[in-house]
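Listed below are the residues making up each chain.
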Amino acid sequence: PLSPMPSLKPIHPFTQKPHRTLISLSIPVLISMTAEPLTALIDTAFVASLGSVSLAALGVGTTLLSSLFWVFNFLSIGAQTEVAQADGEGHPEKAGGIASLSLTMAAGFGLLLILLILPNANWLATLMGASGDVGAEAVSYMQIRTYGAPALLLMMVAFGVLRGLQDMRTPLWIALGMNALNILLDWLLVFGIGVFPAMGVAGSALASTISHWLGALIGLLVVATKLGLSFSFTFKDVKRLLSVGGDLFVRTGLLTFFLAYTTRAATQIGADAGAAHQAIRQVFIFTGLALDAYATTVQSLVGYFIGRDSLVWAKKVVSVGAKWSLGTGIILGMLMWFGREIVIDILVPASAITVFIPAWAVSALTQPINSIAFLSDGAHWGTGDYRFLRNAMIAAVLVGIVGVSLVDLNSSNPLFWIWIATAFWSSTRAVFGWLRVSPGIGNSPFREQILDN
């Protein structure tokens, strides 16, 4: 059992300067995590200039593929937590085994995604409510982007392993280089520059696929250099990681399903609502990943201190992280509201502005709530409390789906009410997540009396 008293040799920098340590670790994560959604925003701006049909198609394609890809995020989260705890225990060979197994499974699942998505792209687009020209462009996007599935999963796991070692800078440099290449290729392939053909939405997909493969290869090289890679693991090792990831798989699947469900509802309203929703969704993801920087840092630090049998410092990490995350959430909400005209000029077609503004206001007001939801997720990832996270997500998704299903798509502004339902979804996550930390409902790892028994 974990001891409530710290026993740290050597002394971790967080115990001396907690705020400075958390921020110094979070800033590289923040930049690397926001690099890809920032690229997606620029990508959205490129495609928005092609019109509502292309933008709505991009929304369908990115939502569906992101949903399918991120279901496997359990590999990255599980690897990060186990590597962090192994690092705290002082067992680098254990960390290397976890990294090797996670990367191998990422490659296997990526190939499986290619085999499943390619022959079913038309059906998936129809399932998302896309038809006609929107459906055709969405299918083209998905078919090209799917070839990057193994690369994306490999890169996710490599970043998780490195962050588990509290190496936050290497993923930053890889992400910056990869996304710079993505933007350059977007410009060349979407519009057609010089010898490059104008591919439209399909060009955006090809740009993402190429850049993800480059990022994955560099990530693999760095992990191999730091920890070494071994392929001597057994079926028992695979079963153990799948068991750890099972609850995360369900949780991530439910999360991505809900986001896809809201996009489907917005697309069914019409092209303007679909385009407005895509713009809001991209910024929502961008701000969410900014908040997730704190969660990722908290995950690694909590995992490390749990590995060192130091509950006091694990709880201190959560307390410090919560203050910074909530403050950032409030600032993000204010920036979103007062900067709405900039977003409209860049991302929103003129015909979609009327439906955009009310829904955008709801998304801005939800940011402080999101900050607590994300931060508490990171805390529970660090302790390995995956079953609770699964159950909390089940409750949140039920609340959100009921809310969206009650929306009359023929009302004056149904997109506004879809985002109200999304706010209730976020609120449910935040309430359950924080109650698990304090006062520590159920068999929470943060309750000292349970750990002392």
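First things first, this report covers the structure right here in the doc. The structure displayed is predicted, hence computed values, not measured ones. (Residues numbered from 1 in each chain as written. Predicted model: local features only at pLDDT ≥ 70, side-chain atom pairs only at ≥ 80, totals over all residues. Heavy atoms only, no water.)

**A look at the side chain of Arg-429**
Under the convention used in this document: Counting from the N terminus, the helices are the DSSP runs of H or I reaching at least four residues and the strands are the DSSP runs of E reaching at least two. Categorising residues by exposure relies on relative accessible area from a 1.4 Å probe, with only protein chains included: less than 20% of the type maximum marks a residue as buried, more than 50% marks it as exposed, and the intermediate range marks it as partly exposed. The criterion used for residue contact is that any of the two residues' heavy atoms lie within 4.5 Å.
Along the chain, Arg-429 turns up in helix α18 (residues 414-437). Assessed through its relative accessible area of 6%, Arg-429 is described here as buried. Contact partners of Arg-429, with chain neighbours within four places excluded, come to Arg-251, Leu-255, Ala-373, Ser-376, Asp-377, Met-393 and Ala-396.

**Topic: the packing of aromatic side chains**
Where we set the bar: Centres within 6.5 Å are what make two rings of Phe, Tyr or Trp a pair, Trp counting through its six-membered ring; a difference in plane orientation under 30 degrees is then read as stacked, over 60 as edge-to-face, and the rest as tilted.
All told, the structure shown has 15 aromatic pairs when counted by the stated rule. Note on Phe-74 and Phe-109: the rings are 6.2 Å apart at their centroids and 70° apart in plane angle, and the pair reads as edge-to-face. With Phe-74 in helix α4 (residues 74-89) and Phe-109 in helix α5 (residues 92-117), the pair connects residues that are 35 residues apart, well separated along the chain. Classification of Phe-74 by relative accessible area gives buried; the value is 4%. For the pair Phe-74 and Phe-249, a centre-to-centre distance of 5.6 Å together with 75° between the ring planes defines the contact as edge-to-face.

**Notes on the layout of surface pockets**
In plain terms, the rule: Residues are called lining when one of their atoms sits within 4 Å of a cavity or pocket point, these points coming from a 1 Å grid over the protein atoms alone, where a cavity is a set in which a 1.4 Å probe fits but cannot get out and a pocket is an open set with protein on both sides within 12 Å along at least five of seven lines. Grid points are joined across faces, edges and corners, and a volume is the space filled by probe spheres set on the points. Under the scheme applied here, ten amino acids are nonpolar (Ala, Val, Leu, Ile, Met, Phe, Trp, Tyr, Cys and Pro), four are charged (Asp, Glu, Lys and Arg), and all others, including Gly, are polar.
Considering only enclosed or pocket space, the largest pocket measures out at about 440 Å³ in volume. Within the residue set of the lining of the largest pocket, elements represented by two or more residues are α3 (52-70), α5, α6 (121-127) and α11 (235-269). The residue makeup of the lining of the largest pocket, split by class, is 16 nonpolar, four polar and one charged. Of the volumes computed, that of the second largest pocket is approximately 330 Å³. Together, 16 residues line the second largest pocket, and Leu-41, Val-283, Phe-286, Val-343 and Trp-360 are the ones closest to its centre. Among the residues forming the lining of the second largest pocket, the class breakdown is 14 nonpolar, two polar and no charged.

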